[in-house]
Protein chains: 4
Amino acid sequence: MDIGLVGLGKMGGNMRERLRRDGHTVVGFDRNPEVSDVDSLAALVDKLPTPKVVWVMVPAGEPTRSTVAELGELLGEGDVVVDGGNSRWTDDLANAETLQAKGIGYVDCGVSGGVWGLENGYALMYGGDAADVEKVQPAFDSLKPEGDFGAVHAGKVGAGHFSKMVHNGIEYAIMQAYAEGWELLEKAELTDNVTEVFRSWREGTVIRSWLLDLMVAALDDDPGLSQIAGYAEDSGEGRWTVEAGIENAVATPAITAALYARFVSRQDDSPTMKAVAAMRNQFGGHAVRTPAPKGGDAAGESKAPDQAAAAREAGAGSGREPAES
Amino acid sequence: MDIGLVGLGKMGGNMRERLRRDGHTVVGFDRNPEVSDVDSLAALVDKLPTPKVVWVMVPAGEPTRSTVAELGELLGEGDVVVDGGNSRWTDDLANAETLQAKGIGYVDCGVSGGVWGLENGYALMYGGDAADVEKVQPAFDSLKPEGDFGAVHAGKVGAGHFSKMVHNGIEYAIMQAYAEGWELLEKAELTDNVTEVFRSWREGTVIRSWLLDLMVAALDDDPGLSQIAGYAEDSGEGRWTVEAGIENAVATPAITAALYARFVSRQDDSPTMKAVAAMRNQFGGHAVRTPAPKGGDAAGESKAPDQAAAAREAGAGSGREPAES
Amino acid sequence: MDIGLVGLGKMGGNMRERLRRDGHTVVGFDRNPEVSDVDSLAALVDKLPTPKVVWVMVPAGEPTRSTVAELGELLGEGDVVVDGGNSRWTDDLANAETLQAKGIGYVDCGVSGGVWGLENGYALMYGGDAADVEKVQPAFDSLKPEGDFGAVHAGKVGAGHFSKMVHNGIEYAIMQAYAEGWELLEKAELTDNVTEVFRSWREGTVIRSWLLDLMVAALDDDPGLSQIAGYAEDSGEGRWTVEAGIENAVATPAITAALYARFVSRQDDSPTMKAVAAMRNQFGGHAVRTPAPKGGDAAGESKAPDQAAAAREAGAGSGREPAES
Amino acid sequence: MDIGLVGLGKMGGNMRERLRRDGHTVVGFDRNPEVSDVDSLAALVDKLPTPKVVWVMVPAGEPTRSTVAELGELLGEGDVVVDGGNSRWTDDLANAETLQAKGIGYVDCGVSGGVWGLENGYALMYGGDAADVEKVQPAFDSLKPEGDFGAVHAGKVGAGHFSKMVHNGIEYAIMQAYAEGWELLEKAELTDNVTEVFRSWREGTVIRSWLLDLMVAALDDDPGLSQIAGYAEDSGEGRWTVEAGIENAVATPAITAALYARFVSRQDDSPTMKAVAAMRNQFGGHAVRTPAPKGGDAAGESKAPDQAAAAREAGAGSGREPAES
């Protein structure tokens, strides 16, 4: 089929390649002229036969919304826009409504597969009317993995991104699970080689998975992960999953734990723990640490504030004494 | 090789079968005479050539401890006991010490694979001295899966069960992750068929795994899981993992969330939430529910206690009013 | 001062009384004619001198929004609307903008105190322009507790409800904390009388608080809390607090734990735990429970599905065997 | 009464003072000769009339155990040892058994109050036989706060420390609750002055408490808590509470969240999050950060590993592309 593809980054570029390998005619547009096939969105639309199908693969939020809006001006009745980015499913409802007014169809598609998708195929979860989905089906068939699974028409508009969102929420918690186990094995120092324990789990165990394979690959690349900081971004879907849980009164404690661990990983110092340290110091005279100076040691010096100091001077002794309250 | 196998339940029985298929001579003992090859532990030991290797496959705790102690009386220098059950790694240290006094070797082995192990092989994580492990190696080689992975000499005594314990802790959190995602998809009702969404994830996604395959199998067996109550036992390793985390000051929030969800799943009524309801009622006059009568409806009637009732009588009106504090 | 008060439920009715006791002229309106001073919102507005101050005390969401909208039609430049309900702070921004177009001021006010506020005073957190706040100040002064604290001009519009929202989020976690401790003391059965332990904590401890006093009162009213089901509603602020945390990348694990415990407390059966049970059953042949029949026993019968049954028949024995994977 | 007091640190020193103010004869011993009344434990015992009561106030664990053992050699039938430290309740059972063999009584006493106890009194939770408790009662009466509450004979030996342990577990979660709320208010920047919001909560609110008063005092001492690092030790009781919960299958998610936040606060870099970052990088080519060099900037440089780099070179473009999987 002929298809327009907007956004030729890490994901979009590989998807263009995979579609072309399967014989499709892809017109790609990117703001970066070095990778773009055309020099404008209008030029992309011009090159497509009717009904035109344009797949949008740009970041979620404003970039996707503005691209869809622009396509709404360029496309016409019977054409279809596919949002293959990581948009929030609530955006889909708005986008679909905007396009529907002009008779343009809308399909939302969650795409999983990362840098491995070019060779292995991309998992696809899409939502929309059957008639619109049908126009994109040849592309779906080429992008998906070769086996029996990997693609699903999940429901109406929004169902694709909602399913992908939940997929990513699950992914957060699974990664957190392996990571917690890894830290525990490393810290306990009972095993000779934690990497070999993880490697052994790749077959025969209950927890064998693709993410486990990747964890082993990462450990092989960088034994002990000494070159990677304990810092993880979150990309939206984890937050949205927790929010969707709250909206539906569904408790998601494992997914939430994974999300919060990422929040904390990005803090130089935790205000929450500053407050805990401050309260402990007030009631117990527990020594506190001062924040690390910029560019200095990570751990600041210990400091007992005035009240505790006074208490110690008044009657304190050996320092061998009960802690906390 | 010749090997004794104590405990011929679901796991032990299948392991005997897998060992025999691979040409080993297995003498099995079980308290159930219908499945036992000999009528006593002493008879089992008698039938083995020296050095004798006896694999114990009975429940963790007292059953394993007493079996190991009994073997300590029956075996001699150079023999080896393998504990293949789900013992706590701290038990291994005690068992090994007991046997060492008599020159008997000890190997602890965590075994994963469940009812699928007979055909697919069992993942094995074992700990102990190299000389002891060597005597059991032919059995390990037959029990493990056929591929490159699935077995590891994790370290000294205790390292096997510790690794298996962490494996199971991870397993708890991964199951919780899929389960949370499933509840959210079911509750949100945006997707047409949650089973098909899960099925599609089996290929090309980041979260593809064996547990996902099993979840799809379960959904195929029992669509909507209408025949299964939301009730899950825990078998020790989850608790021990969290405890090992605490001992090592390693936070395991996702694994802990999974463990706690199981605790709560087994309660008819939550004392914690009784207390929360009682406090809310005290400050806000919020109505409380009375416990469900035995054999009656799950939800008891609503009841506002005296103070709240008095407050309403004194000045209350429409009932259209702010809630909580 | 003269003030209109819309909503005379549990909270509003008591607030009218407290204002009148302090000499204010309060015109109250409620849909329930038995408690209402006037028969319409228009009549309420008519009775007030200029600048008119109208305090809205109805449920958050649509009831508050529609009441504010109606007041926007009835009031004029220089008048002030106070929303004293438990509105989400984001609603305040919308309400203020609507009224501002007509020159009407808007103050949002979080109110805490429950059924005790009539006698002890209400804690007030309000947001808005200083000129608008000034017009309401005499009412704030009468409603607040007598001491040095209990009222704060927290910032611009929205700051009042945001502060009250965080207050309630903290409240959720504090109640959860006491409740967890109570369940543990009750379950461990080491103490002779858990109520007396809680009562002793009311003085000299680090955890003495008003909520603790209420918990003791609840235990005195209903020893063992046998008359209260473990079922707790949530009223919005807890959810909004967690959502605000997510929006600001602030981890709120204790508050979130409290919120999720409420979600779970309201479920007859947990879909998440159905899925966990289903997966355990698939890999390990672990017995599952069937759901309790309506009107029957809480615990359904145990059931091992076909595969596990077949596995046991093929080779199983004593049942004394390792659990989990 | 006459009483021996072992350990004259921050807590013990103040307790000696409070007992003396109330007319008791206290013989104090501390390894620090500057504060000690006698030069050995034996000298302390010699100075006491029969039946001798010795209160031990040294750190939990080995120091307490060895002190109790030494007292077992020095005391005789009818004497009583009180452990007022923060011992684990399981230690009490062992200590009591050791002493019982010689007819020496044992009382365990959890003490709360911190540096404020000297003036306000200490909350006391004690366990032991009634006859033993009776011999210590005059000291309990002087140490406790003046009001109706603050002391409880919680049950048999161990019940005192168990109650205190749960008290501290609750304390962890309550501190965490306020701290989370504080971080959220600070981060959201909707309120003009977070300290004033907290101060206002001291009266009329549901969350008024002594810990809140302390939090306000801390904020007054150090606005914004800029002089305190987000670093908090844990002193045992929090861990033991979670462990007791696990042993009793009681979920304690809020208390556990507070404990884990402390664990994480003490890490320069989180191995768990290193693993999460490594997995994300493997599947998505997400950039990772390298660890901060010692003595250098807190945030290391961003680094995209080879595979991701290759992927981008092969087909990547604008960088405006979907994140995560």
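Being a predicted model, the structure only gives us computed values, none of them experimental.

A. Looking closely at the sheet that holds strand β1 (residues 2-6) of chain D. All names here are of chain D. Within the open sheet, the seven strands sit side by side as β2-β1-β3-β4-β5-β6-β7. Their pairing is mixed. The sheet is open, and its two borders are formed by β2 (25-29) and β7 (151-155), each paired with just one other strand. For this sheet, the mean angle separating the axes of adjacent strands, direction not counted, is 25 degrees. The sheet contact formed by strand β3 (residues 53-56) and strand β4 (residues 80-83) spans four bridges and is parallel. Bridged to Val54 within β4 is Val81. Contacts from helix α6 (residues 130-143) reach β1, β3, β4, β5 (105-112), β6 (123-127) and β7 within the one sheet, and its direction differs from that of β5 by about 30 degrees.

B. A look at helix α9 (residues 210-221) of chain A. Here α9(A) spans 16 Å end to end across 12 residues, near enough to the 16 Å set by a 1.5 Å rise per residue. Where α9(A) is concerned, the buried positions are Trp210(A), Leu211(A), Leu212(A), Leu214(A), Met215(A), Val216(A), Ala218(A) and Leu219(A). On its buried face, α9(A) sits against α7 (159-188) and α8 (194-200) of chain A together with α12 (271-284) of chain D. If you check the start of α9(A), you find a side-chain oxygen 3.4 Å away from the backbone N of Leu211(A), and it comes from Ser209(A).

C. Focus on the domain arrangement of chain A. All names here are of chain A. You can read the domains of chain A as domain 1 (2-157) and domain 2 (165-302). Computed from C-alpha coordinates alone, the two centres of domain 1 and domain 2 are separated by 34 Å. At the boundary of domain 1 with domain 2, total buried surface from both sides reaches about 670 Å², with 60% on carbon and sulfur atoms. For the domain 1 face of the interface with domain 2, the top three residues by lost area are Asn86, Arg88 and Trp116, together amounting to 60%. Taken together, the connections running from domain 1 to domain 2 amount to one salt bridge.

D. Molecular detail of the interface of chain B and chain C. Facing the 96 residues of chain B at the interface are 97 residues of chain C. Carbon and sulfur atoms make up 59% of the surface buried where chain B meets chain C, a total of about 8300 Å² over both sides. Remark: the boundary between chain B and chain C carries zero salt bridges. Joining chain B to chain C, the criterion identifies 20 residue pairs in polar contact (both at pLDDT 80 or more). Take the side of chain B that touches chain C: its biggest share by element is 13 residues, from helix α12 (residues 271-284) of chain B.

E. Examining the packing of helix α10 (residues 237-247) of chain B against helix α11 (residues 253-265) of chain D more closely. The contact between α10(B) and α11(D) brings their axes to 11 Å, and the two run at 45 degrees. With respect to α11(D), the element α10(B) is oriented oblique. Considering how the two elements wind past one another, α10(B) and α11(D) form a crossing that is left-handed. Taking contact as the criterion, the partners of Val242(B), Gly245(B) and Ile246(B) in α10(B) are, on α11(D), Leu259(D), Tyr260(D) and Phe263(D). Classifying every residue of the contact of α10(B) with α11(D) by side-chain character gives five nonpolar, one polar and no charged.

F. Summary view of the sheet that holds strand β4 (residues 80-83) of chain C. All names here are of chain C. The seven strands lie next to each other as β2-β1-β3-β4-β5-β6-β7, forming an open sheet whose pairing is mixed. Both outer strands of the open sheet, β2 (25-29) and β7 (151-155), are each paired with one neighbouring strand and no more. If you compare each strand with its neighbour and ignore which way they point, the axes differ by 25 degrees on average. Looking at chain direction, strand β5 (residues 105-112) and strand β6 (residues 123-127) are connected through five bridges and run antiparallel. Of the residues in β6, the one forming a bridge with Cys109 is Tyr126.

Quick notes on the rules
Residues numbered from 1 in each chain as written. Chains lettered and ligands numbered in written order. Predicted model: local features only at pLDDT ≥ 70, side-chain atom pairs only at ≥ 80, totals over all residues. Heavy atoms only, no water. Pairing = 2+ DSSP bridges. Helix = DSSP H or I, 4+ residues; strand = E, 2+ residues; numbered from the N terminus. Axes fitted to C-alpha atoms, helices over the stretch in contact; angles between N-to-C directions. Contact = heavy atoms within 4.5 Å. Expected span 1.5 Å × (residues − 1). Buried < 20%, exposed > 50% of the residue type's maximum accessible area, 1.4 Å probe, protein only. Polar contact = N/O pair within 3.5 Å; in protein donor to acceptor, adjacent residues only side chain to side chain. Domains from an automatic or database assignment. Buried area = accessible area lost by both parts, 1.4 Å probe. Salt bridge = Lys/Arg side-chain N within 4 Å of Asp/Glu carboxyl O. Parallel < 35°, antiparallel > 145°, perpendicular 65-115°, else oblique. Left-handed = near helix turned anticlockwise from the far one by under 90°. Nonpolar A, V, L, I, M, F, W, Y, C, P; charged D, E, K, R; others polar.

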